[in-house]
Amino acid sequence: MKRYTTRFLPIYIALAVVLGMFVGNFYANHFAGRRINLINTSSNKLSDLLHIIDDQYVDTVNMSNLVEKALPLILRELDPHSTYVSAADVENEMQSLKGSFSGIGVQFYILDDTVRIVKVIDGGPSERVGLQQGDCIVAVNGKNFTGKDVNEEEARKRLKGPADSEVSLKIVRHGQTTPLEFVIRRGSVPIKSVDASYMANDRVGYLRINTWGDATYAEFISAMAQLSASQPEGIVVDLRGNLGGYLEAAVKVANEFLPGNRLIVYTEGRRFPREDYTSDGRGSFQRMPLVVLVDETSASASEIFAGAMQDNDRATIVGRRTFGKGLVQVPIQFRDGSMIRLTRARYYTPSGRCVQKPYTPGGEDEYESDLIKRAEDGEYFNPDSIKTSGEKYHTRIGRTVYGGGGIIPDIFVSRDTTGYTSYFKQVVMSDLVTDFAYRFVDARRKTFSSLSDAKAIVAYLTRRNIVELFVQYAEKNGVKRRNLMIRTSHSLLFNHLAGNIISDVLEMKDVVEFNNTTDPAVKEACRIIEENRAFPEKK
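Position labels on residues start from 1 in each chain and follow its written sequence. Local features in this predicted model are restricted to residues whose pLDDT is 70 or higher, and side-chain atom pairs enter the listing and the counts only when it is 80 or higher, whereas totals over whole chains, interfaces and linings include all residues. By convention in this description, side-chain values take in all heavy atoms of the structure and omit both hydrogens and water.

**Some thoughts on the confidence of the model for the chain**
Scored by pLDDT, the chain has a mean of 89; 91% of the residues are at 70 or more. For the stretch residues 1-6, pLDDT sits under 50, and the model shows one contact to residues farther than four places along the chain or on other chains. Confidence scores here are pLDDT values: one per residue, from the predictor, ranging 0 to 100. We call two residues contacting when some pair of their heavy atoms lies within 4.5 Å.

**With respect to helix 7 (residues 216-228)**
For helix 7, spanning 13 residues, the distance from its first C-alpha to its last is 18 Å, which sits close to the expected 18 Å at 1.5 Å a residue. Regarding helix 7, the residues found buried are Thr216, Glu219, Phe220, Ala223, Met224 and Leu227. Looking down the long axis of helix 7, one finds its buried residues gathered within 130° of arc, a one-sided arrangement. In helix 7, the exposed residues that point more than 90 degrees away from the buried face are Ala218 and Gln226. Helical segments are the DSSP runs of H or I of at least four residues, strand segments are the runs of E of at least two, and each set is numbered from the N terminus. Lining the buried residues of helix 7 we find strand 10 (194-199), strand 11 (204-209), strand 12 (234-238) and helix 8 (247-255). A helix's residues, less one, multiplied by 1.5 Å, set its expected span. Categorising residues by exposure relies on relative accessible area from a 1.4 Å probe, with only protein chains included: less than 20% of the type maximum marks a residue as buried, more than 50% marks it as exposed, and the intermediate range marks it as partly exposed. Directions are taken from the helix axis to each C-beta atom, and the arc is the one they span.

**Topic: the side chain of Glu256**
As for its placement among the helices and strands, Glu256 is situated in the loop between helix 8 and strand 13 (263-268). Buried charge without a partner: Glu256 forms no salt bridge, and the closest opposite charge is Arg282, 8.1 Å away. Charge counting follows a simple rule: Lys and Arg are positive, Asp and Glu are negative, and His as well as the terminal groups are ignored. Only one rule defines a salt bridge in this text: a Lys or Arg side-chain nitrogen within 4 Å of an Asp or Glu carboxyl oxygen.

**Considering the environment of Arg156**
Inspection of the secondary structure assignment puts Arg156 in helix 6 (residues 152-159). For the pair Arg156 and Pro350, spaced 194 residues apart in the sequence, the C-alpha separation amounts to 42 Å.

**Regarding the pairing of strand 7 (residues 166-172)**
The side-chain alternation of strand 7 yields one buried face, formed by Val167, Leu169 and Ile171, and one unburied face, formed by Glu166, Ser168, Lys170 and Val172. Note on pairing: DSSP must find at least two bridges between two strands before they are called paired. Direction of pairing for strand 5 (residues 136-140) relative to strand 7: antiparallel, over a ladder of four bridges. Following the sheet pairing, Cys136 is matched in strand 7 by Val172. As paired strands, strand 7 and strand 8 (residues 180-185) are joined by six bridges and run antiparallel to one another.

**Topic: the sheet that holds strand 11**
With respect to topology, six strands assemble into an open sheet ordered 10-11-12-15-16-21, the strand pairing being mixed. The sheet is open, and its two edges are formed by strand 10 and strand 21 (411-412), each paired on a single side. Examined bridge by bridge, strand 15 (residues 290-294) and strand 16 (residues 316-319) share four bridges and lie parallel to one another. Residue Val292 lies in a different strand from strand 16, and its bridge partner there is Ile317. Note on definitions: angles span 0 to 180 degrees between N-to-C directions of axes, and those axes are lines fitted to C-alpha atoms, for helices only across the stretch in contact. On the sheet, helix 9 (residues 301-311) packs against strand 12, strand 15 and strand 16 and is oriented at approximately 140° with respect to strand 15.

Written out as structure tokens, the structure is:
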């Protein structure tokens, strides 16, 4: 009996191994692998569906277009920020983050179905060949480019192109009887992410960051070096309107203000373990009083920076509740050059807050109307109207902060609607202010060339009674004159007209500086620094 058992032992072992493999595969397929099988089955169904349509549908179908339309619909079922970007749009999507693009180096405006050059970028390809402000582009590469087909998208498409490629332009210029021909070799055109830095007064420095891209940190360091020469007692960093960008850029700038070993932000996702970003203690401005300006259009990386400063009690946050984007996307490119931005993690501020506002998968329209709902709820005018999840967190010194949708500022500043009337809304929404500003500058380029700064331009516009000239222009273009409303909105109208004209003549820095002279949030930020209240204290 013993010899019998021993003789068949290898067979028993083999059978046991086979049985074990069978049972293991059974459980793997039906339990652990169920999700993989489901994914494979579903993806096969999608592939089969496309093949069936291509093979059997009653009419010929452009399968590429069908896929292009289907991908965004699939992604919108995940979250509001997982998106598809076509190959044609990838460059436009990425250029502000890269800090440059390949083109001819002009800012243009379309008026009367004609592309008009508003500004020639210093050191760019167009400046080198002699293009000027006010030049009108009437043909590109020998083909007429005027008329109803002229639009911004088509103009960008024709003027942009690979570096070192050439484009031929026919230009109509004031004072010239015949059109001029220019051949321009396209080159790298910088896009500034720090578009304004100056001393707001004798004691306070100001800088505005409009996006977080590859060049942001270098631009920030350069701007701070220039401001430091004036020995400011504090700095205002303006992130209003900054929709975000690269997390790493915000982390690098935050590091400059924090002592060593302070948590800046951490990210975590289902397939991505927690990753902490901490300060290294080598920041140059660790003790510089700081105020950060935010509003409802400050999002993503801007919220990372503001949250890091708030949770570490490093700065006073001033303005209105931020957008509430706490999802981290990674770009994944397809072979045809298109790509998806897929959410792979959430980011959390040092106190543990995820600032992502609530959303329902597929509920994109409701999500996008959130800012409108805030207005309806009165949130832009009353801090008591701000709605949060009620979940409390605590900063480093124990101050209470809230999660559930954006960074709530330490000091609230409401929207300024002083002088806002239906007449003002009508002329601004109709683009008449922009049109008038361009025409006004274009007819007086010699005069404006002698006005070297915003202060001189404002004085000139005041002497010319620019508001009355504009009202007459608007009336000729179908907007009825409303004298009472015009008087009520006079300051607003003047500021908008002056801002547009300064933008056409000078640089963005000059526009920002002019607008800030009447900005209540900037005034509040300066007052906080002057009164030595920038470093938060527990109440």
